[in-house]
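Now for the letters of each chain:
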Amino acid sequence: MEYVFDVFFEECFKTMERSGLASRAGRRDIISHLNSVISGCIQGRQTATTQLAVGLAVTSAIDYHNRMKGDNYEVCMMGKYHNVLYIALRITWDWGLEDSTIVRNLLDEIFKCEKTFERLFLGALFGCNAPHFIAGWKSDFNDQDENLRAVVFFLHHSAKARAIYPTYSYAYQCLRQTKFIDVPIDSCGKASPLRVALQASAPDIVLILLRHGANPCPDDGGASPVLSLLEKLAECENRCYPFQLVSCLKLLLRTIVMVEMPYKPHLYEVRKEMFHCKYAALLEDGLLPPEQVYGVPTLKHSCRCLIRDVLRDNFQLPGSVVKLPLPRKLQKYIDLLD
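Everything numeric in this text was worked out from a predicted model, so none of it was measured.

## Examining the overall build of the protein chain
Regarding its fold elements, the protein chain presents 16 helices and 2 strands. Dimensions of the protein chain, computed from the C-alpha atoms along their principal axes, are close to 70 × 45 × 35 Å. Per-residue burial for the protein chain yields a buried fraction of 50% across its 338 residues. When contacts within the protein chain are restricted to residue pairs at least 6 apart in sequence, those whose partners lie at least 24 apart make up 67%. Carbon and sulfur atoms make up 55% of the accessible area of the protein chain, which amounts to about 16400 Å² in all. With 39 positive and 38 negative side-chain charges, the protein chain shows a separation of 3 Å between the mean positions of the two kinds.

## Overview of the domain arrangement of the protein chain
Domain boundaries assigned for the protein chain yield domain 1 (1-112), domain 2 (115-222) and domain 3 (247-335). Look at where the C-alpha atoms of domain 1 and domain 3 centre, and you get two points 44 Å apart.

## Here's the deal with the side chain of Asp335
Along the polypeptide, Asp335 turns up in the segment after α16 (328-334). Setting aside chain neighbours within four positions, we find Asp335 in contact with Arg211, Arg308, Pro318 and Val321.

## A few points about the packing of helix α11 (residues 225-234) against helix α12 (residues 243-253)
The angle between the axes and the distance between the axes are what describe a pair of packed helices. In contact at an axis separation of 10 Å, α11 and α12 are set at 150° when each is read in the N-to-C sense. Considered as vectors, α11 and α12 are oriented roughly antiparallel to each other. Both α11 and α12 take part in a crossing whose hand is left-handed. Seen from α11, the contacting residues are Pro225, Val226, Leu229, Leu230, Lys232 and Leu233; seen from α12, they are Leu245, Val246, Cys248, Leu249, Leu252 and Leu253. Looking at the contact of α11 with α12, its residues break down into 11 nonpolar, no polar and 1 charged.

## A word on helix α10 (residues 203-211)
For α10, the set of buried residues is Pro203, Ile205, Val206, Leu209 and Leu210. Buried residues of α10, viewed axially, fall in a sector of 155°; they line one side. Buried residues along α10 sit against α6 (118-126), α8 (144-160), α9 (193-199), α12 and α15 (299-313). Looking at the residues trailing α10, positive phi occurs at Gly213, about 100°.

## Here's the deal with the packing of aromatic side chains
Going through the model one piece at a time under the given rule, you end up with 15 aromatic pairs. Ring plane angle 35° and centroid distance 6.4 Å describe the contact between Phe13 and Tyr81, whose orientation is recorded as tilted. Of the two residues, Phe13 sits in helix α1 (residues 2-14) while Tyr81 sits in helix α4 (residues 80-95), which places them 68 residues apart along the sequence. Its relative accessible area of 0% is what places Phe13 among the buried residues. For Lys272, the ring lying beneath its charged end belongs to Tyr294, and the centroid distance is 4.9 Å. We note Lys300 situated over the ring of Tyr333; from NZ or CZ to the ring centre the distance is 4.4 Å.

## Details of the pairing of strand β1 (residues 164-169)
Of the pairings in the sheet, the one linking β1 to strand β2 (residues 174-179) comprises 6 bridges and is antiparallel in character. Across the sheet, Thr167 pairs through a bridge with Arg176, a residue of β2. Where β1 folds back on β2, the antiparallel hairpin that results is connected by 4 residues, among which Gln173 adopts a positive phi of roughly 55°.

## What to know about the environment of Tyr268
By secondary structure assignment, the location of Tyr268 is in helix α13 (residues 268-284). Setting aside residues no more than four positions away along its own chain, Tyr268 makes contact with Met261 and Tyr294.

## Examining the pattern of salt bridges
Under the defined criterion, the tally for this structure stands at 18 salt bridges. A salt bridge links Arg149 to Asp145; the shortest N-O distance between them is 3.2 Å. You can see Arg149 and its partner Asp145 sitting in helix α8, 4 residues apart, about one turn around the helix. Relative accessible area serves as the criterion here: at 43%, Arg149 is assigned to the partly exposed category. Overlapping salt bridges, with partners in common, bring together Lys69, Glu109 and Lys112 in one network.

## Concerning α11
Among the residues of α11, Pro225, Val226, Leu227, Leu229, Leu230 and Leu233 are the ones counted as buried. Structurally, α11 contributes buried residues whose contacts are with α9, α12 and α13.

## Things to note about a nonpolar patch on the surface
On the surface, Tyr168, Tyr170 and Leu175 cluster together into a nonpolar patch covering about 320 Å² of accessible area. Inspection of the secondary structure puts Tyr168 in strand β1. In this structure Tyr168 comes out as partly exposed when scored by relative accessible area, which is 37%.

Reading guide: rules and limits
Residues numbered from 1 in each chain as written. Predicted model: local features only at pLDDT ≥ 70, side-chain atom pairs only at ≥ 80, totals over all residues. Heavy atoms only, no water. Helix = DSSP H or I, 4+ residues; strand = E, 2+ residues; numbered from the N terminus. Buried < 20%, exposed > 50% of the residue type's maximum accessible area, 1.4 Å probe, protein only. Contact = heavy atoms within 4.5 Å. Areas by Shrake-Rupley, 256 points an atom, 1.4 Å probe, with all protein chains shown as cover. Lys, Arg positive; Asp, Glu negative; His and termini not counted. Charge placed at Lys NZ, Arg CZ, Asp CG, Glu CD. Domains from an automatic or database assignment. Axes fitted to C-alpha atoms, helices over the stretch in contact; angles between N-to-C directions. Parallel < 35°, antiparallel > 145°, perpendicular 65-115°, else oblique. Left-handed = near helix turned anticlockwise from the far one by under 90°. Nonpolar A, V, L, I, M, F, W, Y, C, P; charged D, E, K, R; others polar. Arc of directions from axis to C-beta. Phe/Tyr/Trp six-rings, centres within 6.5 Å; stacked < 30°, edge-to-face > 60°. Lys NZ or Arg CZ within 6 Å of the ring centre and 35° of its normal. Pairing = 2+ DSSP bridges. Salt bridge = Lys/Arg side-chain N within 4 Å of Asp/Glu carboxyl O. Patch = residues over 30% accessible without salt bridge, like charges linked within 9 Å, V, L, I, M, F, W, Y side chains within 5 Å.

Pasting the structure below:
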């Protein structure tokens with residue numbers, strides 16, 4: 001069966017122009033043909049399961065990309081031979097591939113060439129038409145909801161395979177291993193997906209990312225996400241706070257023990273007074289719990305943050321929350337659902 005897929009890619013790309021897969025229509029045409037080949041393999045061989053056939057098709061696409069890159073001194077030409085990876089990405093999602101190792105291999109190949117996963121995340125964050133204006137290409141998914149569900153699919157597999165990628169750390173001034181969910185988006189100023197979702201005031205996406213283990217304080221060179229949200233809310237006239245922005249803040253506050261006050265290196269009392277003067281209205285209106293700024297957070301909240309930190313470090317969010325020997329209500333609390 002491997003030979004069938006190898007021949008498919010060789011024949012499809014032999015006479016195709018370098019820009020043959022630059023358009024979404026061109027990619028969808030190849031995807032349709034490949035889906036037909038996969039269906040034929042499943043129907044033609046009783047021993048071929050769906051998962052086996054899809055896994056071989058995706059692996060063949062990765063191998064074909066590597067062969068073409070090898071013929072060019074290990075440099076990806078970023079044309080049709082690179083877009084074969086996005087054909088494999090769509091095939092993986094369409095058929096619901098269960099092999100996390102193969103999915104990770106595919107994500108690894110994409111990262112080696114692009115150093116980002118923006119083609120997967122942008123459509124989920126802004127809708128499938130936005131990437132064309134932001135990065136110059138069109139999403140391979142039909143709408144934002146489908147793209148978002150695909151992101152969750154790949155988040156699940158990347159966590160299961162413990163996928164990490166080298167990205168620049170502003171705290172350590174060097175390359176550090178970063179989880180798939182936190183890899184910066186190049187066309188958004190190298191901000192993490194969570195920061196982009198917060199800037200877009202999209203609480204539904206923020207919740208998904210936080211539940212799946214996004215770092216609430218990403219090391220992408222930007223200001224503290226909490227302080228950025230507070231800054232926006234403090235600028236609202238007559239205390240008319242946008243619901244979406246408030247929701248984002250509430251979600252983010254569930255994942256951090258304390259809000260670190262700025263204005264260093266001033267003494268604590270000076271920083272406290274400066275912070276209170278600037279955000280007094282938010283404190284009075286209950287948008288910012290005082291105990292999370294200059295008080296003592298509740299034991300319940302501190303435990304939630306600590307448990308989530310441990311699970312995050314071990315790639316266990318959100319799946320392992322239900323395995324904790326706790327009542328369902330506490331499980332929902334830890335999973336940010338209550």
